Amino acid sequence: MNTPPSPPGAERSDESSVRIGALVPLTRPGWAEAGQHLLAGLELAVGEVNDTGGIGGRALELVVRDTAADPRKAEAAVDELARLGVAALAGEYHSVVARSAAARADALGLPFLCSSAVLDALTEEPTEWVARLAPPQSRGWRIFADFLLDAGHSRIAVATQPSVYWASGTRILRDRLAPRGGTVAELDTGALTPAGLCDALADSGASALLLLVGQPDPAVPLVRSVRRDPRLADVLIGAPAGQPEFAGWAAALGGDGAAIPFLRYLPEHLTPLGVRVGAALRERLAEAPSFVAYEGYDTVAVLAEVLRTHGTDRARVARAWPRVAVEGTRGPIRFSRTPGISVRQWTWAPVQVVDRDPADPGRFRVLHAG
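Chemist: Which parts of the structure should I look at to understand the overall build of the protein chain?
Modeler: Within the protein chain one finds 11 helices and 16 strands. Here the protein chain has a C-alpha radius of gyration of 21 Å; the compact-globule value for 370 residues is 21 Å, and the two agree. Taken along its principal axes, the extent of the C-alpha atoms in the protein chain is 65 × 40 × 35 Å. The buried share among the 370 residues of the protein chain stands at 57%. Taking contacts inside the protein chain between residues at least 6 apart in sequence as the whole, the part at least 24 apart equals 70%. When the accessible surface of the protein chain is summed, it comes to about 14400 Å², and 50% of that surface belongs to carbon and sulfur atoms. Put simply, the protein chain has 38 plus and 42 minus side-chain charges, and the middle of one group is 3 Å from the middle of the other.

As C-alpha cells, this is what we get:
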C-alpha cells in the first residue's frame with residue numbers, strides 16, 4: 001500500500017492519549033437526532049475502553065467535529081483532525097458527507113471507519129484506507145424493494161429531492177422492481193406542494209409512496225397531507241432511509257407516523273454485548289437507542305481492537321482491516337472486499353424492514369429481514 005506523507009503537524013498528538021477523530025452531524029441542516037445517537041455510541045465505547053486500560057495504558061480520546069451535513073465542512077474537519085495527529089477517523093451519518101470525508105481521508109492516508117453512511121460509491125476508486133460498518137445502499141434498498149413486491153406493491157411513487165443519495169436509491173429501486181414488472185414514478189418535492197404531490201400521487205395509480213426526502217421537512221408535512229387525503233387511504237407510505245427510527249418522528253406525527261416501513265440495521269436478537277450496551281445507551285440517551293447508536297459503539301470497538309493489536313501508526317491501522325475479527329453488538333464483525341464496493345465492507349450487517357405499530361407508535365414491528 002502506498003503511504004502518502006503525513007500532513008504538517010500530524011505528529012503533534014498528546015502522547016498521553018491515543019486520539020480518534022469523530023465526524024458527527026450535531027446541528028442543522030444535519031440530522032442532529034441521528035448525530036446524537038451516533039455520538040452516544042461512540043462515547044460509551046470510548047469510556048469502556050478507558051475503563052479497561054485504554055490502548056496499551058494510554059487513554060483513548062475522542063476528538064469530535066460537527067459536520068452539520070456539509071461536505072465542505074467535513075473535508076475541513078478531516079484536514080484539521082489529521083493535523084491534530086489522530087490515529088483514525090470514525091463516524092458520519094450522511095452518505096454524501098461521508099463520501100467527501102472518505103475522499104479526503106484517502107488522499108491524506110488517514111484510516112476512516114465509516115459508521116452509518118450507505119452510499120455504495122463511498123470513494124471513486126478502491127482504497128485501503130476506508131472501511132465501513134453499515135451495509136451498502138444497494139443491499140439494503142434491494143431488500144426494501146423485495147419487501148414491497150412481496151406485499152403486493154409493484155407501482156411505486158417516490159417523493160424526492162435533488163441528491164446523489166436519493167438518485168442512487170431511486171435507481172436501485174427501479175432496477176430491482178423492473179424485472180418483475182414494477183415501475184417507479186418520481187415526484188419532485190421542489191416543484192410540488194404537499195397538496196400538489198397528493199394530486200400527482202392519486203393520478204399515478206401507485207399503491208406505495210416512498211419518502212426520499214429530508215426529515216423533518218418536507219417529510220413530516222408530506223405524511224400529514226397524504227394521511228388526510230381520502231383518495232390515498234390505501235396508499236402505503238414508506239421511508240427506506242429510516243426517518244421513522246427516531247423519537248422526533250413519533251413526537252412530530254403521533255399516530256400518523258406509524259405503519260411507515262423503513263430500513264433498520266439490527267438483528268433479530270442482539271448479542272449479549274448488544275443487550276448490555278443497549279441498556280447503557282438507553283440510560284445515556286434517556287430513550288430507546290436507535291441502530292445508529294449501536295453503529296457508533298461498534299465503530300470504536302473495532303478501532304480499539306485494531307489500535308491495541310496493530311499499534312497507532314496510520315498505515316498499519318489501514319492494513320489491519322482484512323484481519324479484523326471483533327464481536328460487535330449486532331454480530332461478529334469482519335471486513336472484506338465486496339464486488340462493486342470501493343471500501344472494505346462488513347459483510348454483512350443485519351438488515352430489517354420495520355415500522356411503528358399503529359396500536360403503540362413507541363413499539364416497532366419487524367416486517368421483513370434480509
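Next comes the rest of the account.
Chemist: Would you mind showing me how to read the pairing of strand β15 (residues 352–357) here?
Modeler: Here is the key point about a regular strand: its side chains alternate between the two faces of the sheet. By the criterion of burial, β15 is predominantly enclosed, with six of the six residues buried. Strand direction decides the pairing type here: β15 and strand β16 (residues 360–369), joined by six bridges, are antiparallel. Across the sheet, the residue bridging to Asp355 is Arg365, located in β16. Hairpin geometry of β15 and β16 is characterised by an intervening segment of two residues between the two adjacent antiparallel strands.

Chemist: Help me out: how do you make sense of helix α2 (residues 71–83) in this one?
Modeler: Counting along an α-helix, one turn takes 3.6 residues, and residues three or four places apart therefore face a common direction. With 13 residues, α2 extends 19 Å between its outermost C-alpha atoms, agreeing within 8% with the 18 Å of an ideal straight helix rising 1.5 Å per residue. For α2, the full list of buried residues reads Ala74, Ala77, Val78, Leu81 and Ala82. Relative to the axis of α2, the buried residues are bounded by an arc of 130° and lie together on one face. Check the buried side of α2 and you find it contacts β1 (17–24), β2 (59–66), β3 (88–91), α3 (95–108) and α11 (314–319). With a side-chain oxygen lying 2.9 Å from the backbone nitrogen of Arg72, the N-terminal cap of α2 falls on Asp70. Immediately downstream of α2, the backbone of Gly85 shows phi near 85°, a positive value.

Chemist: Hey, could you run me through the environment of Trp346 in this one?
Modeler: Turning to its location among the elements, Trp346 is positioned in strand β14 (residues 344–346). Trp346 gets classed as buried once you look at its relative accessible area, which sits at 3%. Put simply, Trp346 and Ala102 are 244 residues apart on the chain and 16 Å apart in space, counted from C-alpha to C-alpha. With near-sequence residues (within four places) excluded, Trp346 lies in contact with Arg132, Leu133, Arg330, Gly331, Pro332, Ile333, Arg334 and Phe335.

Chemist: Honestly, unusual backbone geometry in this entry has me stumped. Any pointers?
Modeler: Leave glycine aside and you will find that most residues have negative phi; peptide bonds, for their part, are mostly trans. Put simply, Gln215 and Pro216 share a cis peptide bond, and its omega is 5°. Among the secondary structure elements, Pro216 is positioned in the loop between β8 (208–212) and α7 (219–227). Of the consecutive residues Thr347 and Trp348, the connecting peptide bond is found in the cis state with omega at -5°. Structurally, Trp348 is set in the loop between β14 and β15. Although it is not a glycine, Ala259 sits at a positive phi angle of roughly 55°. Tracing the backbone shows Ala259 in the loop between α8 (247–253) and β10 (262–264).

Chemist: How should the packing of helix α1 (residues 32–51) against helix α10 (residues 291–310) be read in this particular structure?
Modeler: Helix-helix packing is described using two parameters, namely the angle between the two axes and the distance between the axes. The interhelical angle for the contact between α1 and α10, taken along N-to-C directions, is 35°, at an axis separation of 7 Å. Here α1 runs over α10; the crossing is right-handed. Along the contact surface, α1 presents Ala34, His37, Leu38, Gly41, Leu42, Leu44, Ala45, Val46, Glu48 and Val49, while α10 presents Val292, Ala293, Gly296, Tyr297, Thr299, Val300, Ala304 and Arg308. Of the residues belonging to the contact of α1 with α10, the class tally is 12 nonpolar, four polar and two charged.

Chemist: Would you take a moment to explain the sheet that holds strand β7 (residues 183–188) for this structure?
Modeler: Think of a sheet as strands paired side by side through backbone hydrogen bonds, with each pair either parallel or antiparallel. Here four strands make up an open sheet; going across it, the order is β7-β6-β8-β9 and the pairing parallel. Both edges of this open sheet fall to β7 and β9 (236–238), since each of them pairs with a single strand only. Between one strand and the next, the sheet's axes are offset by a mean angle of 25°, whatever the strand orientation. Summarising the sheet, strand β6 (residues 155–160) and β8 pair through five bridges and their orientation is parallel. Paired with Ala157 across the two strands is Leu209, which belongs to β8. Sheet contacts for helix α4 (residues 137–150): β6, β8 and β9; angle to β8, the most-contacted strand, approximately 160°.

Rules behind the numbers
- Residues numbered from 1 in each chain as written.
- Predicted model: local features only at pLDDT ≥ 70, side-chain atom pairs only at ≥ 80, totals over all residues.
- Heavy atoms only, no water.
- Helix = DSSP H or I, 4+ residues; strand = E, 2+ residues; numbered from the N terminus.
- Rg over C-alpha atoms; globule rule 2.2 N^0.38 Å.
- Buried < 20%, exposed > 50% of the residue type's maximum accessible area, 1.4 Å probe, protein only.
- Contact = heavy atoms within 4.5 Å.
- Areas by Shrake-Rupley, 256 points an atom, 1.4 Å probe, with all protein chains shown as cover.
- Lys, Arg positive; Asp, Glu negative; His and termini not counted.
- Charge placed at Lys NZ, Arg CZ, Asp CG, Glu CD.
- Pairing = 2+ DSSP bridges.
- Expected span 1.5 Å × (residues − 1).
- Arc of directions from axis to C-beta.
- Polar contact = N/O pair within 3.5 Å; in protein donor to acceptor, adjacent residues only side chain to side chain.
- Axes fitted to C-alpha atoms, helices over the stretch in contact; angles between N-to-C directions.
- Left-handed = near helix turned anticlockwise from the far one by under 90°.
- Nonpolar A, V, L, I, M, F, W, Y, C, P; charged D, E, K, R; others polar.

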